[in-house]
Amino acid sequence: MVNFLIFGPPGSGKGTQSVKLAEKFNLVHLSTGDMLRAEVAAGTELGKRMSSIMSKGELVPDEVVIEMIAVRVDNTKDSAGFLFDGFPRTVAQTVALEKMLNKRGMRIDLMLVLDVDHDELVSRLVARAEQSGRPDDKDPAVIENRIDVYKSKTEPIIAYCRDRGIYQPVNGMGSIQDIFNRLCDQMKNYPQTPLKGG
Ligand code: AP5
Ligand code: MG
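Just so it is clear, the model here is predicted, and its values are computed rather than measured.

Each value, and the rule that gives it
Residues numbered from 1 in each chain as written. Chains lettered and ligands numbered in written order. Predicted model: local features only at pLDDT ≥ 70, side-chain atom pairs only at ≥ 80, totals over all residues. Heavy atoms only, no water. Near = heavy atom within 4 Å. Polar contact = N/O pair within 3.5 Å; in protein donor to acceptor, adjacent residues only side chain to side chain. Areas by Shrake-Rupley, 256 points an atom, 1.4 Å probe, with all protein chains shown as cover. Helix = DSSP H or I, 4+ residues; strand = E, 2+ residues; numbered from the N terminus. Nonpolar A, V, L, I, M, F, W, Y, C, P; charged D, E, K, R; others polar. Core = buried A, V, L, I, M, F, W, Y, C linked by side-chain atoms within 4.5 Å. Buried < 20%, exposed > 50% of the residue type's maximum accessible area, 1.4 Å probe, protein only. Contact = heavy atoms within 4.5 Å. Axes fitted to C-alpha atoms, helices over the stretch in contact; angles between N-to-C directions. Parallel < 35°, antiparallel > 145°, perpendicular 65-115°, else oblique. Salt bridge = Lys/Arg side-chain N within 4 Å of Asp/Glu carboxyl O. Expected span 1.5 Å × (residues − 1). Arc of directions from axis to C-beta.

If you check the shell around ligand 1, you find 31 residues, and the closest are Thr16, Thr32, Glu58, Arg128 and Arg146. Side-chain polar atom of Lys14 to an oxygen atom of ligand 1: 2.9 Å apart, as the coordinates give it. Interatomic distance of 2.9 Å between a backbone N/O atom of Gly15 and an oxygen atom of ligand 1. For ligand 1, whose accessible area on its own is 1,000 Å², the fraction buried by protein is 87%. Breaking the shell around ligand 1 down by element, the ones donating at least two residues are helix H1 (14–25), helix H2 (32–42), helix H6 (118–132) and helix H10 (176–187). If you tally residues by element for the shell around ligand 1, the top one is H2, at 4 residues. Among the residues forming the shell around ligand 1, the class breakdown is 11 nonpolar, 11 polar and 9 charged.

The next point concerns the nonpolar core. Of all hydrophobic cores here, the largest spans 30 residues; its most connected members are Leu36, Ile69, Val73, Phe84, Leu97 and Met111. If you list the elements that add at least two residues to this core, you get strand S1 (4–7), H2, helix H3 (45–56), helix H4 (62–75), strand S3 (82–85), helix H5 (91–103), strand S4 (110–115) and helix H9 (156–163). For this core, the leading source of residues is H4, giving 6 residues. Apart from residues lying up to four places away in sequence, Leu97 is in contact with Leu5, Ile69, Phe84, Phe87, Pro88 and Ile108. Phe4, Leu21, Phe25 and Leu114 belong to the second largest nonpolar core, which has 17 residues in total.

Helix-helix packing: each pair is described by the crossing angle between the helix axes and the interaxial distance. Here H5 crosses H9 at 40°, and the two axes come no closer than 9 Å. Classified by the angle between their axes, H5 and H9 sit oblique to one another. Contacts between H5 and H9 pair Val91, Thr94, Val95 and Glu98 from the former with Pro156, Ile157 and Tyr160 from the latter.

Considering all chains together, one arrives at 11 salt bridges under this definition. With a closest N to O distance of 2.4 Å, Arg104 and Asp74 form a salt bridge. With a gap of 30 residues between them, Arg104 in the loop between H5 and S4 and Asp74 in helix H4 connect regions that are remote in the sequence. The exposure class assigned to Arg104 is partly exposed, which follows from its relative accessible area of 31%. The partner of Asp109 in a salt bridge is Arg107, with the nearest N and O atoms 3.3 Å apart. Given the relative accessible area of 44%, Arg107 is considered partly exposed. Through salt bridges with shared partners, a single network forms among Arg128, Arg134, Asp136, Asp137 and Arg146.

Between its first and last C-alpha atoms helix H8 (residues 140–154) spans 20 Å; for 15 residues at 1.5 Å apiece the expected length is 21 Å, and the two agree. Taken together, the buried positions of H8 are occupied by Val142, Ile143, Arg146, Ile147, Val149, Tyr150 and Thr154. Down the axis of H8, the buried side of the element spans an arc of 155°, and every buried residue falls inside it. Away from its buried face, by an angle of more than 90 degrees, H8 presents the exposed residues Pro140 and Ala141. Residues of H8 that are buried sit in contact with S1, H3, S4, H6, helix H7 (135–138) and H9. Between the side-chain oxygen at the start of H8 and the backbone nitrogen of Ala141 there is a gap of 2.9 Å, and the oxygen is on Asp139.

See the structure below:
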């Protein structure tokens, strides 16, 4: 199995690209943001507790997302690997993910980091607010806070992964298709990944 992290600030295109990459490379796409929003939408106890944190653009507690991911990793069989989107978000989550994968004889093979200008991030999220219904897109101050939280709590993971030789920056500016092609160029170097057409 081959496991990828897709990484980058809010609005950098992690979700958009993950859907396409998971399809092409037969990977299981695991997005903690999507999982948390599903809990909120279903009105579960967990969702109720997490929704106010998410609508402020703060991170939910590490143990909540680590548990969500552990359940998915345990329950997934017969895939070529995982594509983690929006997880890990802290160095503590990264260490937990490595342990979880190592226990199963796997590792994080590559971290793909989408580099996108600040103004482009904001304009994508403001545009999405029109239709997404995401409370964290509605308020420009929350968008800025999400970007600040990324810089202070999430970006340190880059140095951690660089030390492990798995860090790969990718230009995240331009058309969705051009960025997808750049990501594919990196991922296709992993020969155990079965390639589909397209
Ligand atoms: P999460 O759902 O992960 O959100 P995020 O990181 O803020 O990022 P987004 O999903 O907004 O952006 P994206 O990079 O996926 O971009 P997208 O493809 O959507 O997290 C939400 C919240 O949940 C967090 O704030 C936190 O509270 C909590 N949470 C989640 N995971 C957690 C964790 N591990 N630990 C703790 N808390 C956690 O694109 C954005 C928009 O741009 C879309 O409209 C898209 O159509 C458009 N777009 C994409 N690419 C392009 C392009 N090339 N050109 C023009 N437009 C584009
Ligand atoms: Mg996303």
